[in-house]
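Coordinates in review
Listed below, chain by chain, are the residues.
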Amino acid sequence: MLDFLNKIFGRDNSPSRTVAKERLRLVLVHDRVGVSPQLLQSLKTDLIQVINNYMEIDEEALEVSLDSSENQVALVANIPVRKMKRKFQTETA
Amino acid sequence: MGEVIVVTSGKGGVGKTTTTANLGAGLASLNNRVCLIDADIGLRNLDVVMGLENRIVYDLVDVTSGNCPYKKALIKDKRFENLYLLPAAQTKDKTAVNPDQMRVLCDEMRDEYDYIIVDCPAGIEQGFRNAIAGANQAIVVTTPEVSAVRDADRIIGLLEKEDLREPKLIINRMRYHMVKHGDMMSIDDIIEILAVDLLGVVPEDELVVISTNRGEMVVINNNSKSGQAYRNIVRRIKGENVPMMDLEDSGFMKKLRRMIGLK
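Overview of the structure.

What counts as what
Residues numbered from 1 in each chain as written. Chains lettered and ligands numbered in written order. Predicted model: local features only at pLDDT ≥ 70, side-chain atom pairs only at ≥ 80, totals over all residues. Heavy atoms only, no water. Helix = DSSP H or I, 4+ residues; strand = E, 2+ residues; numbered from the N terminus. Buried < 20%, exposed > 50% of the residue type's maximum accessible area, 1.4 Å probe, protein only. Contact = heavy atoms within 4.5 Å. Axes fitted to C-alpha atoms, helices over the stretch in contact; angles between N-to-C directions. Parallel < 35°, antiparallel > 145°, perpendicular 65-115°, else oblique. Left-handed = near helix turned anticlockwise from the far one by under 90°. Nonpolar A, V, L, I, M, F, W, Y, C, P; charged D, E, K, R; others polar. Polar contact = N/O pair within 3.5 Å; in protein donor to acceptor, adjacent residues only side chain to side chain. Pairing = 2+ DSSP bridges. Buried area = accessible area lost by both parts, 1.4 Å probe. Salt bridge = Lys/Arg side-chain N within 4 Å of Asp/Glu carboxyl O. Phe/Tyr/Trp six-rings, centres within 6.5 Å; stacked < 30°, edge-to-face > 60°. Lys NZ or Arg CZ within 6 Å of the ring centre and 35° of its normal.

**Digging into the overall build of chain B**
Of the regular secondary structure elements, chain B holds 12 helices and eight strands. Taken over 263 residues, chain B has a buried fraction of 53%. A fraction of 73% describes how many contacts in chain B between residues 6 or more apart in sequence connect residues 24 or more apart.

Here is the structure:
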């Protein structure tokens, strides 16, 4: 949690050794899977389209990437929400 | 039958040529018959690192294109009983040789030498394909930097695709005091990421620069840590089980610590 907060507020105090290792780990997940940046970009566009039906999101800050742990590759999306769309709620209500 | 070992890295400037020269000299000084092949056509350097640049007459392309038998192109390193260099061509490019020619050449040489070490060019294009074609073992050199480790990962993948399985890793230019301060990836960090066997670690050492300036190999310098690291690697290549060097403490501090009973 503290790591997460540090990241958000740009106060990353972890030693550069750890930063290097973590960056490398993530870049190798992408390299090894062989996913093209175009594929991720296209996925991003589609995600934005779908999510826009439900909530207002910060499209610029949206991040989509792969991660892995214990031989499992995961798709990780960080999608900052600006606000929920009331219209959808009233429609269903 | 000799071993054909390719020394590769993907990224340039991590120490492939220096590693090739030192492993060659180290193996030769243990009475092995060794031939080094510079496969970096157009960017020949193994000759100058070994101090043999003034003795080149024929080169690798002369041999593969059938202009001369390989023995005629070899330069004997007079400082060692059984060390030879087949230099790269400087005025041609990588397409002057093809993988089949390299395979034939390496197979021919295996009858005459215990170790044939191929110095691979940087990159993953034809020069790389040529260099690995005749090899039955691979050594991947990296440094503790994100760029070099990333390229090493890519190279390991390509080597495995070409059936050069279980490549061995050499980590070059390790700076232990930086690791200790959290400013450089450690040996364990790199091994964990790349998931390969470690063949050895060579510490950053000014003596490497100084030796190379003179066209000498640091492996024969008994007073250098990098030389010791190369000698250990040579013994591991020969199948000996040599423990990793303890480089974290300088000799003096270690002795002092032992003296006062801290370790």
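**Section: the packing of helix 1 (residues 16-29) of chain B against helix 11 (residues 225-237) of chain B**
All names here are of chain B. Their axes nearest at 9 Å, the elements helix 1 and helix 11 cross at an angle of 65°. Between helix 1 and helix 11, the crossing angle belongs to the class labelled roughly perpendicular. Where helix 1 crosses over helix 11, the two elements pack in a sense that is right-handed. Residues Thr18, Thr19, Asn22, Leu23, Gly26 and Leu27 of helix 1 form the contact with helix 11, whose own contacting residues are Tyr230, Ile233, Val234 and Ile237. For the contact of helix 1 with helix 11, a count of residues per class yields six nonpolar, four polar and no charged.

**A closer look at the side chain of Asn172(B)**
Residues and elements named next belong to chain B. Within the secondary structure layout, Asn172 lies in strand 7 (residues 168-174). When its relative accessible area of 6% is taken as the criterion, Asn172 is described as buried. A polar side-chain atom of Asn172 sits 2.8 Å from the main-chain carbonyl oxygen of Val14. If we skip the residues at most four places from it in the chain, Asn172 touches Val14, Gly15, Thr19, Val141, Thr142, Thr143, Pro144, Val202 and Tyr230.

**Here's the deal with the sheet that holds strand 8 (residues 197-203) of chain B**
The strands that make up a sheet pair up through hydrogen bonds in the backbone, lying either parallel or antiparallel. Residues and elements named next belong to chain B. On the basis of which strands lie adjacent, the open sheet formed by eight strands has the order 3-4-2-5-1-6-7-8 and mixed pairing. For this open sheet the edge positions go to strand 3 (75-76) and strand 8, each flanked by a neighbour on one side alone. The sheet contact formed by strand 1 (residues 3-8) and strand 6 (residues 137-142) spans four bridges and is parallel. The partner of Val6 across the bridge, within strand 6, is Ala138.

**What about the interface of chain B and chain A?**
Counting residues at the interface gives 14 residues for chain B, matched by 10 residues for chain A. In this assembly, chain B packs against chain A so that about 1,200 Å² is buried in total across both faces, 56% of it on carbon and sulfur atoms. A per-residue breakdown of the area chain B buries against chain A is headed by Val146(B), Arg150(B) and Ile193(B), which together make up 43% of the total. Connecting chain B to chain A are five salt bridges. Residues Glu192(B) and Lys21(A) are paired through a salt bridge, measuring 2.8 Å at the closest nitrogen-oxygen approach. Summed over the shared surface of chain B and chain A, the result is 10 residue pairs in polar contact (both at pLDDT 80 or more). Of all the elements in the fold, those that place two or more residues in the side of chain B that touches chain A are helix 7 (146-161) and helix 9 (187-194) of chain B.

**Remarks on helix 10 (residues 206-214) of chain B**
Backbone nitrogen of Leu207(B) and a side-chain oxygen of the N-cap are separated by 2.9 Å at the start of helix 10 of chain B; the cap is Asp205(B). Gly215(B) lies just past helix 10 of chain B and shows a positive phi near 75°.

**Re the packing of helix 7 of chain B against helix 9 of chain B**
Residues and elements named next belong to chain B. Two numbers describe how helix 7 lies on helix 9: the axes approach to 10 Å, and their chain directions differ by 35°. Considering only the axes of helix 7 and helix 9, their crossing is right-handed. Touching Val149, Ala152, Asp153 and Ile156 of helix 7 are Ile190, Ile193 and Leu194, all from helix 9. By residue class, the composition of the contact of helix 7 with helix 9 is six nonpolar, no polar and one charged.

**Observations regarding the packing of aromatic side chains**
Residues and elements named next belong to chain B. Within the structure shown, the criterion is met by one aromatic pair over all chains. Taken together, a centroid distance of 5.8 Å and an interplanar angle of 65° make the contact between Tyr84 and Tyr113 edge-to-face. Pair noted here: Tyr84 is in strand 4 (residues 83-86) and Tyr113 is in the loop between helix 5 (99-109) and strand 5 (115-119), with a separation of 29 residues, a long-range link. Taking NZ or CZ as reference, Lys76 lies 5.7 Å from the ring centre of Tyr84, over its face.

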